[in-house]
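An overview of the molecular structure
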Amino acid sequence: MTSPATPPYPLGQAMGTTCPAYLKGHQSSHADLDYEATGVRKTLSAQMIDAVIVKQTGATAIAPGKFVKWSVPGTEIAAVAGANEVPCGVVDPYLTADVAQNEYCWVIQRGPCNVLSSAAISANAAVTTAASGKSVTSTYVTEEAVAGRQITEATAGDQLRRTLVCCSNI
């Protein structure tokens, strides 16, 4: 269940290693705003974005917008989700730098957000995880691994594009 209170950090804010440890696992809902804008942020939709604060414990930094998997359910991530794996969410795509080992970040579990594409993806296509933690068109081979639907078309790989994410919390 997410907190109805104001989130302790906005999406897009680097938390580094200074985030209080007691916030690890904190779930919160955020308005769907243009978090890349400075100043007044316009509302993109009436939907909410559900996210959880996690600690990144893996040795390899993880890029914003990639699908990840749990290393400790609900509180820690250490790697990107592999091909057709069930992701726990997307690393906060509004960050301006990769999330290094022992840093905290939001992982978006539900709602609209930018996801990094591995190839061209049509709008409204079901998406799953590629081996790199990026999104790829799903063939529904593993229904559980479908992680959402593409909102905005990706015309090539390595594009952050709006996707309606729906990830498992297990």
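Note: the structure precedes this text.
Below, the structure is looked at part by part. Predicted model, so just to flag it, every value in this text is computed and none were measured.

Relative to the assigned elements, Lys 134 resides in the loop between β7 (126-129) and β8 (135-137). In this structure, the C-alpha to C-alpha distance between Lys 134 and Val 90, residues 44 residues apart in sequence, is 9.4 Å. If we skip the residues at most four places from it in the chain, Lys 134 touches Lys 66, Phe 67, Leu 116, Ser 117, Ser 118, Thr 128, Thr 129 and Asp 158.

Inspection of the secondary structure assignment puts Pro 64 in the loop between β2 (43-56) and β3 (67-72). Its relative accessible area of 12% is what places Pro 64 among the buried residues. Each C-alpha atom, one on Pro 64 and one on Cys 105, is 9.6 Å from the other, the two residues being 41 residues apart in sequence. Beyond its immediate sequence surroundings of up to four residues, Pro 64 is in contact with Val 91, Asp 92, Pro 93, Leu 95, Ala 97, Asp 98, Leu 116 and Leu 160.

Here we take up the pattern of salt bridges. Within this structure, the stated rule accounts for four salt bridges. Note that Arg 162 is salt-bridged to Asp 32, the shortest N-O span being 2.8 Å. One end of the pair, Arg 162, is in strand β10 (residues 160-166); the other, Asp 32, is in strand β1 (residues 27-33), and 130 residues separate them in sequence. For Arg 162, a relative accessible area of 17% translates into the label buried. With a closest N to O distance of 3.2 Å, Lys 69 and Glu 85 form a salt bridge. With Lys 69 in strand β3 and Glu 85 in the loop between β4 (76-80) and β5 (89-91), this pair connects stretches of sequence that are 16 residues apart.

Parameters at a glance
Residues numbered from 1 in each chain as written. Predicted model: local features only at pLDDT ≥ 70, side-chain atom pairs only at ≥ 80, totals over all residues. Heavy atoms only, no water. Helix = DSSP H or I, 4+ residues; strand = E, 2+ residues; numbered from the N terminus. Contact = heavy atoms within 4.5 Å. Buried < 20%, exposed > 50% of the residue type's maximum accessible area, 1.4 Å probe, protein only. Salt bridge = Lys/Arg side-chain N within 4 Å of Asp/Glu carboxyl O.

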